[in-house]
Amino acid sequence: PNLLPGSSLYLRLSNVARSADWLAASYSNQNNPSGFYTDSAAESNDDTNPPTLQSSVPSDDATAVVSNSDIVLTFNEGVYAQSGKNITIKKTSGDTTFEQIPATDARVIVDGVTVTINPTAEFDYSTEYYVLIDAGAFEDAAENAYAGISSTTELSFTTGSNQWYNVAWTNRIRITVPSSQVDSD
């Protein structure tokens, strides 16, 4: 580049993904050096706290979960999927694998703090499942690894039954069909 006499070029490289706040601070610093400021949280590489799971849908021990549900995980901070790590959905009965999905698969959508897992098949009715996540399947921007889920009881849920009718028949109405409208077959 063409530099003015007495000026210098400053280049910062990082192997860590930076937040929008950090980028905004850096841009502002470049365009207004006299107003130079540092966002200490954005500038700091002292983040040693791994991401933690804040909530899930379905929640742990949920019942009557719809058979075509996605599994949505919400973390305390933005995460990124890591290759070579899996999310495994298992049936509690018989401890059989329902589906194993690589964390970087297209069926795992990572959007900031939210991870949506979209299984290929629908869940069986009236069945209990649990979710396992390999340690390190997700990392934050400072490359701190999520501990994962290794317990069969940390995130489990049961699907609803295939009842197309209301058991109590509370929503029933009387329908009368004239016999002339009924075919004898």
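Residues numbered from 1 in each chain as written. Predicted model: local features only at pLDDT ≥ 70, side-chain atom pairs only at ≥ 80, totals over all residues. Heavy atoms only, no water.

1. What to know about the overall build of the chain
Link 1 in the chain: Each helix and strand in the chain was counted, giving two helices and 11 strands.
Link 2 in the chain: Reading the chain from its N end, one meets helices and strands in the order α-α-β-β-β-β-β-β-β-β-β-β-β.
Link 3 in the chain: Each of the 185 residues in the chain was classed as buried or not, and the buried ones make up 27%.
Link 4 in the chain: Considering only contacts in the chain between residues 6 or more positions apart, those separated by 24 or more positions represent 63%.
Link 5 in the chain: When the accessible area of the chain is evaluated, it comes to approximately 12300 Å², of which 50% is carbon and sulfur surface. (Helix = DSSP H or I, 4+ residues; strand = E, 2+ residues; numbered from the N terminus. Buried < 20%, exposed > 50% of the residue type's maximum accessible area, 1.4 Å probe, protein only. Contact = heavy atoms within 4.5 Å. Areas by Shrake-Rupley, 256 points an atom, 1.4 Å probe, with all protein chains shown as cover.)

2. What to know about the sheet that holds strand β11 (residues 156-159)
Link 1 in the chain: Taken together, five strands build an open sheet; the order of strands is β2-β11-β9-β5-β6 and the sheet is mixed. The outermost strands of the open sheet, each flanked by one partner alone, are β2 (62-65) and β6 (96-102). With direction set aside, neighbouring strand axes in the sheet form an average angle of 25°. (Pairing = 2+ DSSP bridges. Axes fitted to C-alpha atoms, helices over the stretch in contact; angles between N-to-C directions.)

3. Some thoughts on the sheet that holds strand β8 (residues 114-117)
Strand pairing within a sheet occurs via backbone hydrogen bonds; the two strands may be parallel or antiparallel.
Link 1 in the chain: With antiparallel pairing, four strands are arranged side by side in an open sheet as β1-β3-β8-β7. The two strands at the open ends of the sheet, each matched to only one other strand, are β1 (53-57) and β7 (108-111). Direction aside, neighbouring strands of the sheet carry axes that sit 15° apart on average.
Link 2 in the chain: As judged from the four bridges shared by strand β3 (residues 71-75) and β8, these two strands associate in the antiparallel manner. Bridging from a neighbouring strand, Leu73 pairs with Val115 of β8.

4. Describing the pattern of salt bridges
Link 1 in the chain: Taken as a whole and judged by the stated rule, the model has four salt bridges.
Link 2 in the chain: When salt bridges that share partners are traced, they join Glu99, Asp105 and Arg107 into one network. (Salt bridge = Lys/Arg side-chain N within 4 Å of Asp/Glu carboxyl O.)

5. Some remarks on unusual backbone geometry
Link 1 in the chain: For the peptide bond that leads from Val57 to Pro58, omega is 0°, which places it in the cis range.
Link 2 in the chain: By the secondary structure assignment, Pro58 is in the loop between β1 and β2.
Link 3 in the chain: With a phi close to 60°, Ala64 is a non-glycine residue in the positive phi region.
Link 4 in the chain: With respect to the helices and strands, the residue Ala64 is situated in strand β2.
Link 5 in the chain: A relative accessible area of 59% places Ala64 in the exposed class.

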